[in-house]
Every structure is written in C-alpha cells, then in structure tokens.
Amino acid sequence: MIGMFDSGSGGLSVLREVVKLLPGERYVYYSDNAHCPYGEKTAEYIQDRAREITRLLMGKGCNIIVVACNTATGAAIKQLREEFPIPFIGMEPAVKPAALGTKSGVIGVLATAGTLRASKYLDTKGRFQDDVKIVEHVGEGFVELVENGILDGPEAEAVVERSLRPLLDAGADIIVLGCTHYPFLMEPIRRIAGPEVRIIDPAPAVARQVVNVLEREGIPYQKDAGALAHPDIELLSSGDPASLLRIFALIS
Ligand code: DGL
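If you're wondering where the values come from, they're calculated on a predicted model, not measured in any experiment.

Rules and cut-offs
- Residues numbered from 1 in each chain as written.
- Predicted model: local features only at pLDDT ≥ 70, side-chain atom pairs only at ≥ 80, totals over all residues.
- Heavy atoms only, no water.
- Helix = DSSP H or I, 4+ residues; strand = E, 2+ residues; numbered from the N terminus.
- Rg over C-alpha atoms; globule rule 2.2 N^0.38 Å.
- Buried < 20%, exposed > 50% of the residue type's maximum accessible area, 1.4 Å probe, protein only.
- Contact = heavy atoms within 4.5 Å.
- Lys, Arg positive; Asp, Glu negative; His and termini not counted.
- Charge placed at Lys NZ, Arg CZ, Asp CG, Glu CD.
- Expected span 1.5 Å × (residues − 1).
- Polar contact = N/O pair within 3.5 Å; in protein donor to acceptor, adjacent residues only side chain to side chain.
- 1 Å grid on protein atoms, 1.4 Å probe; cavity = no way out; pocket = protein on both sides within 12 Å on 5 of 7 lines; lining within 4 Å.
- Points joined across faces, edges and corners; volume = space filled by probe spheres on them.
- Nonpolar A, V, L, I, M, F, W, Y, C, P; charged D, E, K, R; others polar.

Q: Could you give me a rundown of the overall build of the protein, with the residues and numbers involved?
A: From N to C terminus, the protein includes eleven helices and nine strands. Taken over C-alpha atoms, the radius of gyration comes to 17 Å for the protein, in line with the 18 Å a tight globule of 252 residues would show. Viewed in the frame of its principal axes, the protein has a C-alpha envelope of about 50 × 40 × 35 Å. Counting across all 252 residues of the protein, residues that qualify as buried make up 55%. Sequence separation of at least 24 residues holds for 76% of the intrachain contacts in the protein that already meet a minimum separation of 6. A distance of 3 Å separates the average location of the 26 positive side-chain charges in the protein from that of its 33 negative side-chain charges.

Q: Quick rundown of helix α2 (residues 43–59)? Include the residues and the values.
A: For α2, spanning 17 residues, the distance from its first C-alpha to its last is 24 Å, which sits close to the expected 24 Å at 1.5 Å a residue. Where α2 is concerned, the buried positions are Ile-46, Gln-47, Arg-49, Ala-50, Arg-51, Ile-53, Thr-54 and Leu-57. Buried positions along α2 lie against β1 (2–6), β2 (26–31), β3 (64–67), α3 (70–83) and β4 (88–89). Gly-61, located one to two residues past α2, shows a positive phi value of around 105 degrees.

Q: Quick one: what's the story with the side chain of Asp-201, residue by residue and with numbers?
A: Structurally, the position occupied by Asp-201 is in the loop between β8 (198–200) and α10 (203–217). Among the polar contacts made by the side chain of Asp-201, one reaches the main-chain amide nitrogen of Ala-203 at a distance of 3.0 Å. Leave out the neighbours within four places in its chain, and Asp-201 touches Pro-183 and Met-186.

Q: Break down empty space enclosed by the protein for me, with residues and values.
A: Taken as a whole, this structure holds two cavities of 30 Å³ or more when the rule is applied. Size it by volume and the largest cavity reaches roughly 90 Å³. Looking at the largest cavity, it is lined by 15 residues, and the ones nearest its centre are Ser-7, Cys-69, Thr-71, Thr-112 and Cys-179. In this model, the second largest cavity occupies a volume close to 40 Å³. Where the lining of the second largest cavity is concerned, the elements lending two or more residues are α3 and α6 (119–128). Split into classes, the residues belonging to the lining of the second largest cavity amount to four nonpolar, four polar and two charged.

As structure tokens, this is what we get:
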C-alpha cells in the first residue's frame with residue numbers, strides 16, 4: 001500500500017499521476033492541513049510532523065511513502081530514510097530538465113521559501129548555475145489559494161502574476177513548479193506565461209520513480225485496475241477535510 005503526504009491538498013497533483021500508472025494499487029493520502037503551510041516553518045518542525053505522519057501511514061500498512069511535498073522533502077527526507085525501514089520517494093524542483101531544455105539560458109523556479117533554502121535544492125542548483133541563469137521566486141499566496149479552492153479567476157490571476165512576472169521579466173523560457181500545490185494553478189500560470197514558455201510539473205517523473213522503486217525493492221504491487229471501478233484511496237487530514245475533498249473531486 002502506498003502512503004503519501006503533504007502539508008495539504010497539493011500532493012494530490014502527485015497522487016493523480018501515480019494513480020494513472022498504478023490504478024489498481026491501494027493508497028492512503030494524508031493532508032496535514034492543520035499545520036499548513038509548511039513553507040515558512042522550521043526544518044525541525046517539519047521533521048517532527050513528517051515522523052508522526054510516517055508512523056500513522058505505516059500503522060495503516062503502507063510499505064512505501066511518497067513525500068508529495070517539496071518543502072517536506074527538503075526538510076525531512078534524509079531523517080525519514082535514516083529512521084524508518086521503508087523506501088521514501090521525494091519531490092525536487094526539476095532544475096535538470098529545465099537547464100537542459102532552455103533556449104534563452106534562463107530558467108525560473110517557483111517554490112516555497114523552505115524549498116529554496118534547503119540544502120537539497122542548493123546542491124542541485126549549484127550543479128547547473130554555471131551553465132544557466134536560475135531565477136527564483138516564492139509563490140506568495142499560491143498555497144492559500146489552492147487550499148481555499150480558488151484555482152482561477154481574477155484573484156488567482158493577480159496572485160500568480162505577482163510571483164511569476166519577475167521570472168518572465170528576467171527572460172525565463174522554462175518555469176519549474178517546485179511546490180506540489182502549484183500545478184493546481186496551471187490555468188492562470190499558463191495564461192500569464194504565454195505559449196512560448198514551458199511549465200514543468202515534476203509529478204509524472206516522480207510517478208515513474210515510484211514504479212522504479214517498487215520494482216527495485218521487490219515490493220509487490222498491483223499494476224492493473226482489475227475489477228476495481230475506482231482507485232482505492234483513503235483520504236485523511238489533520239484539519240478540516242473540506243479543502244482536501246474539493247481538490248480530490250477535481251482529480252477523480
Ligand atoms: N505542497 C508543498 C510543497 O510542495 C508545501 C506547501 C506549503 O505548505 O507551504 O512544497
């Protein structure tokens with residue numbers, strides 16, 4: 001059984017892609033929305049949350065966990081891998097494909113403050129910043145929009161514009177979405193960025209990685225949907241489940 005967690009509903013953008021590849025698997029998704037957002041919290045705080053959620057997911061029978069949150073990956077995946085005996089798959093801003101694909105020589109990264117200061121991200125950035133210019137911006141207010149179910153319209157567009165515009169003005173022709181909430185704002189992001197700018201959501205690549213790790217670790221898994229009419233997904237949240245259910249309805 002595959003466990004997944006995020007500070008809120010953002011990780012559903014990853015669950016959506018994993019379910020496409022493994023529709024017959026069983027999933028438990030945990031939204032830690034009572035403690036959302038993670039973006040401004042300390043690494044220690046996020047590590048404690050990640051440990052508690054991992055214990056809960058393992059207690060439910062999960063034998064592999066997707067940390068469907070870039071911020072929690074940056075803050076806690078190292079500790080989780082050291083402390084728990086199951087495989088963890090994390091999220092990372094897709095700097096490499098962006099660096100290889102840019103024509104303008106400028107790539108933009110949108111992520112939380114926590115992700116942008118995590119050593120995991122800084123290491124990746126260090127490997128590419130001699131070859132391409134990497135410009136960054138925190139997606140200010142993006143997580144709150146998604147948690148409130150505001151995915152498009154004038155308010156969403158104004159919020160997205162404020163953080164995306166500086167990256168476009170700097171000449172970025174590829175924008176990396178470094179937070180799992182952000183793909184739910186794809187409509188305004190694409191509209192503002194225009195057709196010439198490529199937007200990278202790393203979720204499909206992470207989904208392929210889940211299958212690779214299941215194979216590599218020899219963990220039995222259910223590939224096809226079989227007789228299941230709907231994927232078997234249990235949703236849990238530490239706070240009000242309304243926002244989780246609202247976004248879940250969009251992906252199912
Ligand atoms: N969805 C999360 C991420 O990928 C965290 C957003 C937040 O809680 O700040 O970074």
